[in-house]
Amino acid sequence: LAYLRARNADPLCSFGDFCAISQVVDEATAKILKKEVSDGIVAPGYTPEALALLQTKKSGKFIILEATADYDPGTAEYREVYGMTFSQKRNDVVITSDHIRKDVVTANKDLTDAAVRDMIVASICVKYTQSNSVGFAKDGMMVGVGAGQQSRVDCVKLAGRKVATWYLRQHPKVLGLAFAEGVKRQDRVNARVKYIEGDMTPQERAQWESQFAEIPSPLTPQEKQEFMANATGVCISSDAFFPFRDSIDHASKCGVSFVAQPGGSVQDSQVTSACDEYNMVMSFTGVRLFHH
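Residues numbered from 1 in each chain as written. Predicted model: local features only at pLDDT ≥ 70, side-chain atom pairs only at ≥ 80, totals over all residues. Heavy atoms only, no water.

**A few points about the overall build of the chain**
When you go through the chain residue by residue, the secondary structure sums to twelve helices and ten strands. The C-alpha radius of gyration of the chain comes to 21 Å, within 12% of the 19 Å expected for a compact globule of 292 residues. For the chain, the spread of C-alpha atoms along the three principal axes comes to 55 × 50 × 40 Å. Out of the 292 residues in the chain, the part that is buried amounts to 42%. Put simply, 50% of the contacts in the chain that link residues at least 6 apart link residues at least 24 apart. (Helix = DSSP H or I, 4+ residues; strand = E, 2+ residues; numbered from the N terminus. Rg over C-alpha atoms; globule rule 2.2 N^0.38 Å. Buried < 20%, exposed > 50% of the residue type's maximum accessible area, 1.4 Å probe, protein only. Contact = heavy atoms within 4.5 Å.)

**Considering the nonpolar core**
Counting residues in hydrophobic clusters, the biggest one holds 58 residues, and the most contacted among them are Leu111, Phe136, Ile236 and Val259. If you tally residues by element for this core, the top one is helix α6 (residues 152–168), at seven residues. (Core = buried A, V, L, I, M, F, W, Y, C linked by side-chain atoms within 4.5 Å.)

**A word on the pairing of strand β7 (residues 141–147)**
Burial analysis of β7 places five of its seven residues in the buried class, which makes it a mostly covered element. Relative to β7, strand β6 (residues 133–138) runs antiparallel, the two being bridged by six bridges. When the bridges of β7 are listed, Val134 appears paired with Gly146. Here β6 folds back onto β7, and the loop between the two strands holds two residues, one of which, Asp139, carries a positive phi near 55°. (Pairing = 2+ DSSP bridges.)

**Topic: the pattern of salt bridges**
Where charged atoms from two side chains of opposite charge approach closely, those side chains can pair. Under the defined criterion, the tally for this structure stands at 15 salt bridges. Two residues, Glu36 and Arg7, come together in a salt bridge whose shortest N-O distance is 3.4 Å. With Glu36 in the loop between α2 (27–34) and β2 (38–43) and Arg7 in helix α1 (residues 2–8), the pair connects residues that are 29 residues apart, well separated along the chain. Take Glu36 and Arg7: they sit in the same class, and that class is buried. Among the salt bridges present, the one from Arg185 reaches Glu36, with a minimum N-O distance of 3.4 Å. In this pair, Arg185 sits in helix α8 (residues 185–197) while Glu36 sits in the loop between α2 and β2, placing the two residues 149 residues apart along the sequence. A residue is classified by how much of its surface remains accessible, and Arg185, at 42% relative accessible area, is partly exposed. Among the residues examined, Glu36 registers a relative accessible area of 10% and is labelled buried. Put simply, Arg7, Asp17, Glu36 and Arg185 are held in one network by salt bridges that share partners. (Salt bridge = Lys/Arg side-chain N within 4 Å of Asp/Glu carboxyl O.)

**Notes on the packing of aromatic side chains**
Evaluated as defined, the whole model comprises four aromatic pairs. Plain terms: the ring middles of Tyr195 and Trp208 are 5.9 Å apart, the flat faces sit at 10° to each other, and that makes the pair stacked. Residue Tyr195 is found in helix α8, and its partner Trp208 is found in helix α9 (residues 202–209); the two are separated by 13 residues along the sequence. Ring pairs connect the aromatic residues Phe179, Tyr195, Trp208 and Phe212, which therefore count as one cluster. Across the ring face of Phe62, the terminal group of Lys57 is positioned such that the distance to the ring centre comes to 5.5 Å. (Phe/Tyr/Trp six-rings, centres within 6.5 Å; stacked < 30°, edge-to-face > 60°. Lys NZ or Arg CZ within 6 Å of the ring centre and 35° of its normal.)

**Structural notes on the side chain of Gln261**
Looking at the secondary structure, you find Gln261 in strand β9 (residues 256–261). Beyond its immediate chain neighbours, meaning those up to four positions away, Gln261 contacts Ser238, Ala240, Phe241, Phe242, Val271, Met282, Ser283, Phe284, Thr285 and Gly286.

**With respect to the sheet that holds β9**
On the basis of which strands lie adjacent, the open sheet formed by five strands has the order β7-β6-β8-β9-β10 and mixed pairing. The sheet terminates laterally at β7 and β10 (281–284), the two strands that pair on one side only. Pairwise comparison of adjacent strand axes, ignoring direction, gives a mean angle of 15° for this sheet. Sheet strands touched by α6: β6, β7 and β8 (234–238). Its angle to β7, the strand with the most contacts, is close to 145°. Contacting β9 and β10, helix α12 (residues 268–277) runs over the sheet at an angle of about 150° to β10. (Axes fitted to C-alpha atoms, helices over the stretch in contact; angles between N-to-C directions.)

**Looking at the environment of Trp166**
By secondary structure assignment, the location of Trp166 is in helix α6. Overall, Trp166 belongs to the buried group, its relative accessible area being 12%. If we skip the residues at most four places from it in the chain, Trp166 touches Asn8, Ala9, Lys138, Met141 and Val143.

Next up, the structure:
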């Protein structure tokens, strides 16, 4: 279930991937992966049933790697660039509830256990995501990740668009799309996202409409706005501090109620005031999670 929820956070992007799992892979997980477009998997172990299933994937060409469960990578890590080698201490911080609860800086300090869980999940995700990065989580799963952007607010906008798509995939008009016979599962995934986004060229729209038994009526901006108005309880975590309030302003449009970030900006008070305006709860974790 955890793997399925992780993959469904962004089914458009989880296509042609390489899967990494931290637990022994069981048969149920292997059955899910068997039907996905994926190139390989690494995990600390596999049940015999799971291994037998995965060995038949891609006509036996699916890459299956077994990780050493107790492997110690050491305290230092290295990057080589044009013959120069850089070294730094590996980021081995384990994000816990202590990081989330120790420094709540907003007027609203109502942190539920579910919110703390989501803030931890989002923080773990951005720890291993290309910087600059932010992540949105809800109900114990990621619902949007924005990575590798030059400005933090662009990370928020990118991830926020994915959050909106995640929510709108549950809109009755999206759930009710009548696909033509024989349309593949991934093509349906892509078609739903195009329906939600709505920005298609005439040629693109003609191809898109050919996938339906009945051409759907548009999902209007007003319908999207009304549906998204019910979004709440979302958490956002950032791998470094928010330098301006613009990220908070945009996050408010995505149902964000909880914010986790390291703090340390000269604009911390401005960002905190913005959170107060939206009645958000914000925690300073004191831990930067850059990944380059």
